[in-house]
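Each chain, written out:
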Amino acid sequence: MPLPLSLPYRWPIYLLGTLIIALSLVTIVGERGAVHLWRLRREKVRLDEQNFRLQLENQKLHQRIMRIRNDNDYLEKLAREELNMVRPGEVVYRFQSPGERAAGRPQLSPSTSEPRPSSARKAPR
């Protein structure tokens, strides 16, 4: 004798509750769910900040290009500083920084140091 299948009279409520929970999980965690939306918003904020920084850098570079094209004094300054260029007849003096002195040869103390004779001679006038 077959057992009669008796479902409780609340089974539509259980089914509806299970369906709502499943849809909620898919909405929150799914491929296009709320978590994904939050990640996209964070990425948009990061990209907006990067875009702003790049626009500022682009504006500065554009101003620098305009100065190089139109300002000869600025162009000369760049040539001297970045390319180490000098005008004919100029003398360039280079001094060692304190870090270079420590790495190089030892210095004599002021009490024992004596002036060294120069090998260069002055031209007679």
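For the structure itself, consult the block above.
Residues numbered from 1 in each chain as written. Predicted model: local features only at pLDDT ≥ 70, side-chain atom pairs only at ≥ 80, totals over all residues. Heavy atoms only, no water.

Section: helix H3 (residues 72-83)
Turning to step 1, where the next piece is worked out: With 12 residues, H3 extends 15 Å between its outermost C-alpha atoms, agreeing within 8% with the 16 Å of an ideal straight helix rising 1.5 Å per residue.
Turning to step 2, where the next piece is worked out: Of the positions making up H3, those classed as buried are Tyr74, Leu78 and Ala79. Around the axis of H3, the buried residues are gathered within 140° of arc, so they sit on the same side. In H3, the exposed positions angled more than 90 degrees off the buried face are occupied by Asn72, Asp73 and Glu81.
Turning to step 3, where the next piece is worked out: Those residues of H3 that are buried are in contact with helix H2 (34-70). (Helix = DSSP H or I, 4+ residues; strand = E, 2+ residues; numbered from the N terminus. Expected span 1.5 Å × (residues − 1). Buried < 20%, exposed > 50% of the residue type's maximum accessible area, 1.4 Å probe, protein only. Arc of directions from axis to C-beta. Contact = heavy atoms within 4.5 Å.)

A word on helix H1 (residues 11-29)
Turning to step 1, where the next piece is worked out: Across its 19 residues, H1 extends 27 Å between first and last C-alpha, which sits within 8% of the 27 Å expected from 1.5 Å per residue.
Turning to step 2, where the next piece is worked out: Counted residue by residue, H1 has 0 buried out of 19 residues, so it is predominantly exposed.

Regarding the environment of Leu78
Turning to step 1, where the next piece is worked out: Here Leu78 shows up in helix H3.
Turning to step 2, where the next piece is worked out: As for Leu78 and Ile68, which are separated by 10 residues in sequence, their C-alpha atoms are 8.7 Å apart.

Focus on a nonpolar patch on the surface
Turning to step 1, where the next piece is worked out: Taken together, Leu16, Leu19, Ile20 and Leu23 make up a surface patch of nonpolar side chains, about 400 Å² in accessible area.
Turning to step 2, where the next piece is worked out: Here Leu19 falls in the partly exposed class, since its relative accessible area comes to 49%. (Patch = residues over 30% accessible without salt bridge, like charges linked within 9 Å, V, L, I, M, F, W, Y side chains within 5 Å. Areas by Shrake-Rupley, 256 points an atom, 1.4 Å probe, with all protein chains shown as cover. Salt bridge = Lys/Arg side-chain N within 4 Å of Asp/Glu carboxyl O.)

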